[in-house]
Amino acid sequence: MTDATDTKRGVLIVDDDPILSAIAQVFFQKRGWGEVHTASNGRKALDFMDGHTGAIDFILCDLNMPEMDGIEFLRHLKERAYLGAIAILSGERDVVVKTAGSLAASHNLNIVGALKKPLKIVDLETIVGQLGTDTTRTMDDAPILLTVNDLRIALASGHIIPHYQPKVSTVDGAPVGVEALARWQHPGFGLVGPVSFIPMAEQNGLIEELTEVMISAALHDMQAMRRRGIDIKMSVNLSAASLSRLEFPDELAWLLDAADLQCGDLVLEVTESNLVQKTATSTEVLARLCMMGFGISIDDFGTGYSNMEQLREFPFTELKVDQSFIREASHDQFAQASVEASIKLGKQLDLRIVAEGVENSTDWDYVCQAGVDEVQGFYIAKPMPMDELVPWLDNRAASRLRVV
Ligand code: C2E
Ligand code: CA
Ligand code: CA
């Protein structure tokens, strides 16, 4: 019998196998799901979702598909802050399915299970049975509560602020830099993290303004640190939009000049996925930023598909191994192999290697022996506001002096 709530529930089956899709489609129709959609790869699924106004409560997603595979599709779901349930379906080896699952979990996606092909109805039944009627995960800072207009006002009124997370050297533990991470100081919800509003800013033409607000605040705070004799680098996150404007390098150089800082003081973090979608403009923008002396870091390395040739094209200065691999590496062979391959590649290209997501002493010991140069993670410090950062840095310097 059809549950009244089921008539409204939507499912999207993303698989290039038409027979499997048809079987799964019948499965959901028989159980009274309101809308059952299929797409033969990740790209088609995204196109469908972007043009669809109804709810998609559950996505059943294959990993190996032409055009856009499941791993890339999951990353796009993260960027769209998708909150519904997802089950991975795959004929790949267990280790691949497991890694895809942990990658998706690190993207904060709501993964409810992994099914192996050939699909067994009883397994699908178990997963769907556990869903309950409300598949949408609630989060303390759920993006649905935040509107684009609120974000516009927040940007204009100084409510988007940086918190800073230190990076330290593996040689002596000394702080070498900080990364500026956006926070929304919301009058009603308190401090809201960036996963709840960066995708909204990107999709609604506000990301450039957000980048500018963050860079201006970071440069201002950096000047204050310089006045106190603190000489460390500042990292900021760029989005694809900055790389699509030819004026961006000159504007940035002007901001640094006005703040009496050098281009080399700033490290621009660009995610590996943004680099892969390169155009003639983004190539030119990156090349000019490099020539001007800005540090350029490849962020979330390992989650995209860049290869040696693509990386060789630019004089990057830094490679940040994605935290999903670092967290797994001390106990998972596949993650360990990924970390070691990334480090080897980075060293060949003469890049500084940064490990992020180092949460405990086991992770620290592992990354130090693996040859990482700098570490960022909760084991060292969580992101903090400027008024806590300065005492933290002073304290760290004092405790190191005592050790020496
Ligand atoms: P990201 O650039 O990879 O930044 C690192 C994220 O990992 C931060 O999350 C940081 O708090 C978190 N993190 C660091 N160490 C650990 C650890 O040991 N364990 C765990 N579990 N997490 C750790 P946050 O601040 O929530 O930022 C999330 C993402 O939002 C950033 O990932 C970045 O992609 C984006 N973002 C943040 N600020 C900006 C911004 O100003 N502009 C743009 N375009 N994106 C931003
Ligand atoms: Ca980053
Ligand atoms: Ca990262």
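Keep in mind that this is a model prediction, so the values were computed, not measured.

## Topic: the confidence of the model for the chain
Logical step 1: For the chain, per-residue confidence averages 87 on the pLDDT scale, and 93% of positions sit at 70 or higher.
Logical step 2: Here residues 1-6 is modelled with pLDDT under 50, and outside its nearest four sequence neighbours on either side it reaches eight contacts, counting other chains as well.
Logical step 3: Predicted confidence for residues 136-144 stays below pLDDT 50, and this span has 13 contacts to residues more than four positions away or in other chains.

## Here we look at the coordination of the calcium ion (ligand 3)
Logical step 1: Taken together, the protein ligands of the calcium ion (ligand 3) are Asp299 (OD), Asp300 (OD), Glu356 (OE) and Glu356 (OE), with distances of 1.9 to 3.1 Å.
Logical step 2: The sequence motif formed by the donor residues of the calcium ion (ligand 3) is D-D-x55-E.
Logical step 3: Metal-to-metal, the separation of the calcium ion (ligand 3) and the calcium ion (ligand 2) is 4.2 Å; Asp299 coordinates the two. Here Asp299 is found in strand β11 (residues 295-301), whereas its partner Glu356 is found in strand β13 (residues 352-356), with 57 residues between them in sequence.

## Here's the deal with the packing of helix α2 (residues 42-51) against helix α3 (residues 70-79)
Logical step 1: Close contact between α2 and α3 brings their axes to 9 Å; oriented N to C, the two are set at 25°. Considering their axes alone, α2 and α3 lie roughly parallel with respect to each other. Contacts between α2 and α3 pair Gly42, Ala45, Leu46 and Met49 from the former with Phe73, His76 and Leu77 from the latter.
Logical step 2: Across the contact of α2 with α3, the residue classes break down as five nonpolar, two polar and no charged.

## Re the side chain of Lys167
Logical step 1: Of note, Lys167 is situated in strand β6 (residues 160-169).
Logical step 2: The class for Lys167 is buried, based on a relative accessible area of 3%.
Logical step 3: Within the local environment of Lys167, its side chain forms a polar contact with the side chain of Glu318, the two groups lying 3.0 Å apart.
Logical step 4: When sequence neighbours within four positions are dropped, the list of residues in contact with Lys167 reads Ala174, Pro175, Val176, Gly177, Ser235, Glu318, Val354, Glu374, Val375 and Gln376.

## Here's the deal with the pattern of salt bridges
Logical step 1: Per the counting criterion, the structure on display carries 23 salt bridges.
Logical step 2: Two residues, Asp15 and Lys117, come together in a salt bridge whose shortest N-O distance is 3.1 Å. Placement of Asp15 in the loop between β1 (10-14) and α1 (18-30) and of Lys117 in the loop between β5 (110-116) and α5 (121-129) is noted, with a sequence separation of 102 residues between them.
Logical step 3: Since its relative accessible area comes to 2%, Asp15 is described here as buried.
Logical step 4: Where Asp373 meets Lys347, a salt bridge forms, and the shortest distance between an N and an O atom there is 3.6 Å. Of the two residues, Asp373 sits in the loop between α16 (361-370) and β14 (374-376) while Lys347 sits in helix α15 (residues 333-348), which places them 26 residues apart along the sequence.
Logical step 5: Asp373 sits in the partly exposed class, given a relative accessible area of 26%.

## What to know about the coordination of the calcium ion (ligand 2)
Logical step 1: Bound to the calcium ion (ligand 2) are the protein donor atoms Glu179 (OE), Asn237 (OD1), Glu269 (OE) and Asp299 (OD), situated 2.1 to 2.3 Å from the metal.
Logical step 2: Summarised as a motif, the one-chain spacing of the donors to the calcium ion (ligand 2) is E-x57-N-x31-E-x29-D.
Logical step 3: Owing to a relative accessible area of 31%, Asn237 belongs among the partly exposed residues under this scheme.

Scoring rules and cut-offs
- Along each chain, numbering runs from 1 in the same order as the chain's sequence is written.
- Whichever chain is written first becomes A and whichever ligand is written first becomes 1, with later ones labelled in order.
- The predicted origin of the model limits local features to residues at a pLDDT of at least 70 and limits the giving and counting of side-chain atom pairs to 80 or more, whereas totals for whole chains, interfaces and linings rest on all residues.
- The side-chain figures draw on all heavy atoms in the structure; neither hydrogens nor water molecules are used.
- As a per-residue quantity, pLDDT reports the predictor's confidence and falls between 0 and 100.
- Here, two residues are considered to be in contact whenever any of their heavy atoms come within 4.5 Å of each other.
- Donor selection uses N, O and S atoms within 2.8 Å of the metal (3.2 Å for Na, K and Ca). Since no water is included, sites may look incomplete.
- Secondary structure is summarised from DSSP: a helix means a run of H or I of at least four residues, a strand means a run of E of at least two, and numbering begins at the N terminus for each.
- Axis lines are fitted through C-alpha atoms, for helices just across the contact stretch, and the angle between N-to-C directions can take any value from 0 to 180 degrees.
- Angular relationships are summarised with four words: roughly parallel below 35 degrees, roughly antiparallel beyond 145, roughly perpendicular across 65 to 115, and oblique for the angles in between.
- Gly falls in the polar group here, along with every residue not listed as nonpolar (Ala, Val, Leu, Ile, Met, Phe, Trp, Tyr, Cys, Pro) or charged (Asp, Glu, Lys, Arg).
- Whether a residue is buried, partly exposed or exposed follows from its accessible area with a 1.4 Å probe, protein chains only, as a fraction of its type maximum: under 20%, in between, or over 50%, in that order.
- For the purposes of these results, a polar contact is taken to be a pair of N or O atoms within 3.5 Å, where, inside protein, one atom must be able to donate a hydrogen and its partner to accept one; residues adjacent in sequence count only when each atom of the pair is a side-chain atom.
- In the sections that follow, a salt bridge refers to a side-chain nitrogen of Lys or Arg positioned within 4 Å of a carboxyl oxygen of Asp or Glu.

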